[in-house]
Amino acid sequence: MGLSGRELPTLPAGGGHASFFTTRLDALINWSRLNSLWPMPFGTACCAIEMMAAAASKYDTARFGMERQAFSPRQADVLICAGRVPYKMAPVLRRIWDQMPQPKWCVSMGACASSGGVFDVYSMVQGIDTIIPVDVYVPGCPPRPEGLIYGLLMIQEKIRGESITRADFHRAEDPARTGRPNLSPEVIEEVTVPFGNSTRQNRVSGMVPSHALLRPRDRKP
Amino acid sequence: MADKDLNEGLRDLESGPRTSETAGEGPRGEAADAASHPTVAAMRAKFGDAVRHHTVVAGDEHVVYIAPERVRDILGWLKDDPAQDYAFLMDVTAVDYGGGRPLEVVYQMWSLTHKRQLRLKATLPLSALEIDSAVPLYNSANWLEREVYDLFGIRFRGHPDLRRIMMPENYAEGHPLRKDFPLRGRFSRAEQTRRAMEMELEDYYIPTELATAGMRATGEHASADAAGPSTPGGMRRPNDPDNWALGTEGGAEGGASSPEGVE
Amino acid sequence: MSSTTTRGTRTVEYLVTRTPQMGVDGRPTSVPVMPLGVEPEMHGEHMLINIGPQHPATHGVLRLVLELDGETVVRCIPHIGYLHSSFEKLGEYRDWNQIVPLTDRMDYLAPLIYNCAYAMAVEKMMGIEVTERCKVVRVILMEMDRIFSHLLWIGTTAIDIGAFTVFLYAFQERERIYDLHEALTGARITTSSTRIGGMMADLPDGWTDALRHFINTFPKTLDEIETLLTHNNLWIGRNQNIGVISAEDAINYGLTGPNLRASGVAYDVRKDRPYYDYDTYEFDVPVGEHGDNYDRYLCRMEEMRQSLRILQQALDRLPGGPINVDDPRVILPGKTDVMSDMESMIHHFKLVMEGVKAPVGESWFSVESSKGELGMYVVSDGGSKPVRWRVRGPSFVNISALPKMVEGQLLADVIAVNASLDIVLGEIDR
């Protein structure tokens, strides 16, 4: 069980009902889905510019079927969250995700969307997987357009591996979780612990020495 | 040993970053010759004691420390007097040196006709973070002062619409750019996430906007003169499936109902 | 004032609510009217519409709440803060050189201008004079990024109005500048190429030739874009007399850059407070007269051509010599020395671990960025980190004038005016 809000796919008890017909049907459904993914560009900052560059002529996501950037979430398949997401924007992101019909996937593009990036600060969401379930994380600051395309190809790989015989085929989400964060508060605390250079950001001017970083469970509830 | 470090770290994080001891209490920098900047000479002549200190920093930048009570008069004079004609208010910001020291509100001016720059600073003690707004004189001060209010907590008297600009309306952790505010905020990440996701309609729309939509804000956002019907039980989340009943309470759901004759 | 018109056997009376806007040929382009007496419950009701913060045409996470009377905007209230990344707070926890990567992420459309502006402000505060070569290189980088930013602006503005081809042309040209960025710094957008006292690295071999090739071939694309747009009836119809702001209002609202110059105010930091020998370069600053979208468009297109002129001159005068100032307090020693010499290694260690120390002081320094006057205010108390680092982002002040510019315009014009202001949310929300 990973940190995503969804269960890992398991075959129904008894080995499932996979047969020649279901695998052919799977191939057809998956082929049509992965070759016609319409991205919902949820671009906020610098990564959005690289996403636009990926959509422009030199890198061209249109050749992968992403001809139309679906700016309405109702008509989109893949939400590409490109850029940093502050807490003020978080409910907007959640609402856009909730408005997308199934099947939908999410690409977290860039370091800020994946983990907060450079911004381990009071206003920044430390990874959008605390808000919405993420399928592919694309590292980089910003990732090159080839990196984003690689991430989208990974989504296509994921789709290729889906099957109607699996329990999670309809990727149903719990309606009661609409508008709620993707992860529980305890898990949010665990995954948003400062790491790397963020642990050094304790001292301000005047060369005062730094002290041990506060553990999550010591902070105010 | 590790616990001692941790406790000190706890204290530091609660109290915020420490400041260096070299930041002074009052105006810094040696006094400069007022005659070196024509505006400062005229300002001293006209306002006398309200001009507390004048210094030159970074080689050629003139900084004048003024009395906060006279800021409206001085800015008005700078704008209207043809020999000064500081038509541009380029920037309004504040500096917090930390450690309980007073805050400085900084105004950066530029005169297009005379090609002169000037920086004004008004020092405010932490107990009285209020100063007159420059909005009646310069419209550029509108958002700049809102940002200073949001991030430092300095109130601007006479500002037409002093509310938070960067942080959400329901932000409860304080004023972020103060030195006693920790970098990662006062609440835990889970709490910050919870508060962000549970914003109400009043946190999205200000009372004048709600009044346009025909809704009256309730609770602490209520204002006596807002028009329109109020929704029973306060603002409800439009995203909530419980609120999707059809044909009930015509005016309450979504405010401006479409006029009858529009088909 | 009311007028009547007859349709069939029915007479409809209209009240003209405000002065109609006149087009180039003397006929009104938009006449805000309100029908009287026909369907009494239809008029007088204002709609509240929310645009954004997630919206393809707001150029970022900008949220506009509009009060509409039909299609006419009565009031516009922008809401920002949806990208607030607390750069200024973060800057207080970082050394002077560690702030440079933060500056890229504020205006991600012209990162080198921000890099240079920040380094210039800190160098002014510290009293450091960079080398001649560094000055010319920084001028080259800033002008190149001005073109870079304007190209994105024209691409996205055109696509907002509906001209998709220009977006593709502009991005194709931007790819060539991306290649130049990458050759110089290793990154396409987040360049982080300046340091206090100089640059991260000198220009690589062949870089100036590639830039010359760009300068020689770029005007052709610019001409193609102008052919598509400048005398295009649709473009003129969507942009002339839209979003007009007078010169006094523009000054009072703090507009700077092409937005201000389009209203007739000839203020350009490069001309009025020249830095880095800009007064020795020959270039013109386009100044409009109507203060509408179309003039802003013309100003920016011409600015791109003038930037090419500056680039040509700068490349011709690029001197040799060191790129970094010879000051051991700020500049790292050469790598071969560091690896072979104990003192250099200690010097390197101290500069990296403790950071460059600045004397007590402050500086408010501004450059002409592609969006307007970019001010950097740095305050030091003698340490290696700033007490205060403030960025006066031009887009922050520009967008505060949006309500003034769209009052009385139609809903579709709001998008056009917003696009013509050339905002970048990274520097608005910081």
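Overview of the structure. (Residues numbered from 1 in each chain as written. Chains lettered and ligands numbered in written order. Predicted model: local features only at pLDDT ≥ 70, side-chain atom pairs only at ≥ 80, totals over all residues. Heavy atoms only, no water.)

Examining the environment of C:Glu368
Residue and element names in this part refer to chain C. We apply this condition: Helical segments are the DSSP runs of H or I of at least four residues, strand segments are the runs of E of at least two, and each set is numbered from the N terminus. Only protein chains enter the calculation, and the probe is 1.4 Å; a residue is then buried if its accessible area is under 20% of its type maximum, exposed if over 50%, and partly exposed in between. Two residues form a contact once any of their heavy atoms are found within 4.5 Å. Any pair of N or O atoms that falls within 3.5 Å is considered a polar contact. Within protein, one atom must be able to donate a hydrogen and the other to accept it, and sequence-neighbouring residues count only if both atoms are side-chain atoms.
Note on placement: Glu368 falls in strand β11 (residues 360-368). What makes Glu368 buried here is its relative accessible area of 1%. Along the backbone, Glu368 and Pro274 are 94 residues apart, and their C-alpha atoms lie at a distance of 9.6 Å. When near neighbours in sequence (up to four residues on either side) are disregarded, Glu368 contacts Arg146, Gly257, Arg261, Asp268, Val269, Arg270 and Tyr275. A polar contact of 2.9 Å, which involves the side chain of Glu368, links it to the side chain of Arg261.

Let's talk about the interface of chain B and chain C
Stated precisely, the cut-off is as follows: The term buried area means the drop in 1.4 Å probe accessible area that two parts suffer when joined, counted for both and summed. Only one rule defines a salt bridge in this text: a Lys or Arg side-chain nitrogen within 4 Å of an Asp or Glu carboxyl oxygen.
Taken together, the contacts link 62 residues of chain B with 56 residues of chain C. Taken over both partners, the interface formed by chain B and chain C buries close to 4,900 Å², and the fraction arising from carbon and sulfur atoms is 58%. On the chain B side of the contact with chain C, B:Trp143, B:Met166 and B:Leu183 bury the most area, a combined 14% of that side's loss. In this structure, the connection of chain B to chain C is made through nine salt bridges. A salt bridge links B:Arg119 to C:Glu362, with the nearest nitrogen and oxygen atoms 2.3 Å apart. At the surface where chain B touches chain C, the tally comes to 24 residue pairs in polar contact (both at pLDDT 80 or more). Put simply, the parts of the chain that give the side of chain B that touches chain C at least two residues each are β2 (61-66), β3 (88-95), β4 (103-111), β5 (116-124), α4 (141-152) and α7 (207-212) of chain B. Here the side of chain B that touches chain C gets seven residues from one element, more than from any other, and that element is β3(B).

As for the nonpolar core
Heads up, the rule is: What we call a nonpolar core is a set of buried Ala, Val, Leu, Ile, Met, Phe, Trp, Tyr and Cys residues that are connected through their side-chain atoms within 4.5 Å.
With 221 residues, the main nonpolar core has B:Met43, B:Tyr107, B:Ile154 and C:Ile154 as its most contacted residues. When residues of this core are assigned to their parent elements, the largest contribution, 16 residues, is made by helix α4 (residues 132-161) of chain C. For C:Ile154, the contacting residues outside a window of four places in its chain are C:Val166, C:Ala170, C:Ile225, C:Leu229, C:Trp235, C:Tyr297 and C:Met301. Of all hydrophobic cores here, the second largest spans 18 residues; its members include A:Val78, A:Trp105, A:Val107 and A:Ile155.

A short note on the interface of chain A and chain C
Taken together, the contact pairs 39 residues of chain A with 45 residues of chain C. Counting every contact that joins chain A to chain C gives four salt bridges. A salt bridge links A:Lys58 to C:Glu175; the nearest nitrogen and oxygen atoms lie 3.9 Å apart. At the junction of chain A with chain C, the criterion picks out nine residue pairs in polar contact (both at pLDDT 80 or more). Secondary-structure elements contributing two or more residues to the side of chain A that touches chain C are β1 (39-43), α2 (46-55) and α3 (90-99) of chain A. With five residues, the top contributor of residues to the side of chain A that touches chain C is α2(A).

Structural notes on the state of the cysteines
The following threshold applies: Note that a disulfide, as used here, is simply two cysteine sulfur atoms within 2.5 Å.
If you walk through the whole model with that rule in mind, you get zero disulfides over all chains. Considering cysteine sulfurs only, A:Cys81 is the nearest to A:Cys106, which forms no disulfide, with 6.5 Å between them. Judged by its relative accessible area of 0%, A:Cys106 is buried. Here C:Cys134 stays unpaired: no disulfide links it, and the sulfur of C:Cys116, its closest cysteine neighbor, is 7.7 Å away.

Remarks on the pairing of strand β2 (residues 78-82) of chain A
All names here are of chain A. The condition is simple: Should DSSP find at least two bridges between two strands, the strands are regarded as paired. Every crossover in which the path from the first strand over the helix to the second runs clockwise, viewed with the strands pointing away from the viewer, is termed right-handed.
Along β2, five of the five residues are buried, which leaves the element largely enclosed by surrounding structure. Neither face of β2 is open: one carries Val78, Ile80 and Ala82, the other Leu79 and Cys81, and all of them are buried. Across five bridges, the pairing between β1 and β2 is parallel. The residue bridging Met40 from the neighbouring strand is Leu79, located in β2. Taken together, β1, α2 and β2 constitute a β-α-β crossover, and its handedness is left-handed. Sheet topology places β2 next to strand β3 (residues 105-109); five bridges connect them, and they run parallel. Its bridge partner being in β3, Ala82 is matched across the sheet by Met109. The parallel pair β2 and β3 is bridged by α3, and the resulting crossover is right-handed.

Points about the pattern of salt bridges
Counted under the stated rule, the structure contains 61 salt bridges over all chains. Between C:Arg388 and C:Glu88 there is a salt bridge; the shortest N-O distance is 3.1 Å. Taken together, the residues C:Arg388 in strand β13 (residues 388-392) and C:Glu88 in helix α1 (residues 87-91) connect sequence positions 300 residues apart. In this structure, C:Arg388 and C:Glu88 share a single accessibility class: buried. Each of B:Asp60, B:Glu61, B:Glu104, B:Arg119, B:Lys121, C:Lys124 and C:Glu362 takes part in a single network of salt bridges with overlapping partners.

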